[in-house]
Amino acid sequence: MTANLAAVCSVPGRSLDGTRCRHGCPEIETLAHVLGFYEQGLLLRNSRHHLVRSKIAVALRNKGWIVEEEISCLAENGSTRRIDILAHNANTKQSIIVDPMIRFEVECHQSAEVHLEKKSIYEPTVNYFKLKYALIHVEVFGLLIGARGTIPAFFEEFRRQFALPTSLRDDIVIISKTGRCFAGSIWSDFKPQVESLDRTKFTVVAWDPPGYGNSRPPTREFPLNFLEKDADWAVKFMQALSINRFSMLGWSDGGMSAMILASKYPDIVDRMVIWGGSAYIIEKEVKLFEGMRDVSTWSERMRAPLEKLYGKEEFAAMWGRWVDAQLGIYKERGGDILKACLPKISCPTLIVHGNKDPMVAPEHPPYLVQNIRNSRIAYRVLVGRPERKRPSGRPSCRWKDNIKMDLREVDYDARDWINLAHDRDQCEGDSEPPGSLNAICK
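Just so it is clear, the structure is predicted and the values come from calculations on it, not from any experiment. (Residues numbered from 1 in each chain as written. Predicted model: local features only at pLDDT ≥ 70, side-chain atom pairs only at ≥ 80, totals over all residues. Heavy atoms only, no water.)

A look at the overall build of the protein
Okay, so step 1: What the protein contains, in helices and strands, is 16 helices and eight strands.
Okay, so step 2: In the protein, buried positions account for 52% of the 442 residues.
Okay, so step 3: For the protein, the proportion of contacts with a sequence separation of at least 24, taken over those separated by at least 6, is 67%.
Okay, so step 4: Taken as a whole, the protein presents about 20700 Å² of accessible surface, with 54% of it coming from carbon and sulfur. (Helix = DSSP H or I, 4+ residues; strand = E, 2+ residues; numbered from the N terminus. Buried < 20%, exposed > 50% of the residue type's maximum accessible area, 1.4 Å probe, protein only. Contact = heavy atoms within 4.5 Å. Areas by Shrake-Rupley, 256 points an atom, 1.4 Å probe, with all protein chains shown as cover.)

Notes on the packing of helix H12 (residues 300-310) against helix H13 (residues 312-333)
Okay, so step 1: Running from N to C, H12 and H13 point in directions that differ by 110°, and their axes come no closer than 7 Å. With respect to their mutual orientation, H12 and H13 come out roughly perpendicular. In contact with Arg-303, Leu-306, Glu-307 and Tyr-310 of H12, H13 contributes Lys-312, Glu-314, Phe-315 and Met-318.
Okay, so step 2: Split by residue class, the contact of H12 with H13 holds four nonpolar, no polar and four charged. (Axes fitted to C-alpha atoms, helices over the stretch in contact; angles between N-to-C directions. Parallel < 35°, antiparallel > 145°, perpendicular 65-115°, else oblique. Nonpolar A, V, L, I, M, F, W, Y, C, P; charged D, E, K, R; others polar.)

Description of the sheet that holds strand S1 (residues 66-74)
Okay, so step 1: Overall, mixed pairing links the four strands, which are arranged S1-S2-S3-S4 in an open sheet. The open sheet terminates on both sides in strands that have one partner only, identified here as S1 and strand S4 (137-146). Within this sheet the neighbouring strands show an average axis-to-axis angle of 35°, counted without direction.
Okay, so step 2: Relative to S4, strand S3 (residues 94-103) runs parallel, the two being bridged by 10 bridges. Paired with Met-101 across the strands is Leu-144, a residue of S4.
Okay, so step 3: On top of the sheet, helix H3 (residues 110-122) reaches strand S2 (80-89), S3 and S4; it is set at about 140° to S4, its chief contact. (Pairing = 2+ DSSP bridges.)

With respect to the packing of helix H11 (residues 283-291) against H13
Okay, so step 1: It is the contact of H11 with H13, at a shortest axis distance of 10 Å, that shows an interaxial angle of 160°. The orientation of H11 relative to H13 falls into the category roughly antiparallel. Helix-helix and strand crossings are classified by hand; for H11 and H13 the assignment is left-handed. From H11, Glu-283, Val-286, Phe-289 and Glu-290 reach across to H13, where they touch Trp-319, Trp-322, Val-323, Gln-326, Leu-327 and Tyr-330.
Okay, so step 2: Grouping the amino acids of the contact of H11 with H13 by side-chain chemistry returns seven nonpolar, one polar and two charged. (Left-handed = near helix turned anticlockwise from the far one by under 90°.)

A closer look at the pairing of strand S7 (residues 349-352)
Okay, so step 1: Neither face of S7 is exposed, since Thr-349 and Ile-351 on one face and Leu-350 and Val-352 on the opposite face are all buried.
Okay, so step 2: Relative to S7, strand S6 (residues 269-275) is paired through four bridges, and the arrangement is parallel. Looking at the pairing, Met-272 lines up with Thr-349 of S7.

Focus on the pairing of strand S5 (residues 246-251)
Okay, so step 1: Across the six residues that make up S5, a large majority, five, are buried.
Okay, so step 2: Sheet topology note: the S5/S6 ladder contains five bridges and is parallel. Bridge pairing links Phe-246 to Val-269 in S6.
Okay, so step 3: Each parallel crossover has a hand, and the one from S5 via helix H10 (residues 253-264) to S6 is right-handed. (Right-handed = clockwise from strand over helix to strand, strands pointing away.)

Some words on the pattern of salt bridges
Okay, so step 1: For the structure on display, the rule yields 19 salt bridges.
Okay, so step 2: One salt bridge in this structure joins Arg-103 and Glu-117, with 3.2 Å as the shortest N-O distance. Taken together, the residues Arg-103 in strand S3 and Glu-117 in helix H3 connect sequence positions 14 residues apart.
Okay, so step 3: Among the residues examined, Arg-103 registers a relative accessible area of 27% and is labelled partly exposed.
Okay, so step 4: One continuous salt-bridge network, built from bridges that share partners, spans Arg-53, Arg-61, Glu-69, Glu-70 and Arg-82. (Salt bridge = Lys/Arg side-chain N within 4 Å of Asp/Glu carboxyl O.)

Some details on the nonpolar core
Okay, so step 1: Residues Met-259, Leu-261, Met-272 and Leu-338 are the most contacted members of the largest nonpolar core, which totals 54 residues.
Okay, so step 2: Within the residue set of this core, elements represented by two or more residues are helix H9 (226-240), S5, H10, S6, H11, H12 and H13.
Okay, so step 3: Residue contributions to this core peak at eight residues, all from H13.
Okay, so step 4: Other than its neighbours up to four places away in sequence, Met-259 contacts Met-272, Ile-274, Ser-278, Leu-338, Leu-342, Ile-345, Leu-368 and Ile-372.
Okay, so step 5: Within the second largest apolar cluster, 23 residues are counted, among which are Ala-57, Trp-65, Val-67 and Leu-168. (Core = buried A, V, L, I, M, F, W, Y, C linked by side-chain atoms within 4.5 Å.)

This is the structure:
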C-alpha cells in the first residue's frame, strides 16, 4: 500500500495551482517530498524537528522531570556537542539525554539504527553532565520520527517507559506502507501499526497464515488454490477465538484472501479494506514476477528482512514456489484469481491503491470497484496534520478535517471509516463489544 500523503496543494481550499510542487519541481507536492528530499524543505524539516523536541520536553515536564533544551556540552575528546533534551528526575535520580531525529522512512530497522547512532554521538558527553550537574546515571535515547510522521515501535517503548501521554504520539502519527509482498509477516511488515493501535477502541487479530512468519512449521506451499485455503484457515482461526463477526484489513495476497473470504462467508464480514490486491494476473505482471525470481538481484533493503525471517535458502525457495504458482494461475486459469468472487461480496469495501505502486497494475483497482457492490476507491489518503506555519490565505485545518477532505476528493464518505470504531454496535449478533475491530491481514 502506498498511502504516501495527499498532495499538500490538492485538497480543496488550500491552493488553486494544482498538485505539483509550488517551487517548480516536477514531483507531486506531498509531505513526503517536502520533508524527505526537497532542498527547499530544509527549513520546514527543522521546524518539524523543533516542534517534536518541544512536545517531548513538555511531556517530560508534565511528568515532573527537570528539563533543559538545546544544551551545548563537551565530549571526552574535547569536541563540542549540542543535545536536544537533558531531563532529570529528582525523585528517581534518573537522567536521560533525548535526541529526536526527523528522517525519511526507508526500512523497518531504521529506528534501532538511529538510536545507536545517537548513542555513539552523545554517550561521550555523559561524564561532562555527571560532573556539571552532579548526576549519577545518564542514559541516551535517539528517537526516530518518520518524515511522514510514522511513529516506530521504539518511540512507543520510550513513551510507555516514561509514562508519557498518548497525545504525544497522536500529534504526529502517520501510518504508511508500500509495495506488494507475498512472504512478509505481521511483525516484519506491520509491527509499528499493530502496536500503535488504541487497544481501548480496537480488538486486533493479526495473524500469519500457515507457513508464513511465525506460523511455521509447516513449510509454505503454493497450490493454485492457496488463497482459497488461506481464507478457509482464517475463518477457522476466528471461530476458534469465538469471534463471529469481524472487519478485515488485507494487503497483497492477504487482500485477495480477504476478498475470497468475504464472498464465501458474507454473513460474518462487517467491512473490508484492501490494498495491493487484484482479481487476476496480466502478462506484464507475469514477466515482472519471472524477472524477480532470482532474489540475489533484489536490493539488500528488500531481501534482508525476509532472509532474516525465513533463512536465506528457504526464502529463495519459497519465493520460487510463489512465482511458479503465479505462472500456473496465468497459464491454467487464464490469469483468473477470484473474478467470480467479486459479485458475491456485499460488505462495504474500501480499495486503496498507490499511484506509484510498482507491483500492481493500475487497471486492477477500477476493476475491483466495478465488480464489488458497495465499494469505493482511494488512490491516496492523508493521515496527519498540517504544519503550524502555513502560507498566508490558507485556512487552518484539523488533521481529521484533512482526512475527510482527502476522502471526499476521491468520492468516499469519510465518516464510514473515520468513525468505524464508534458505530460497531449497529452490527447485529456481534459477539465483540461496541467499538472493536478485528483485523485479518498478511
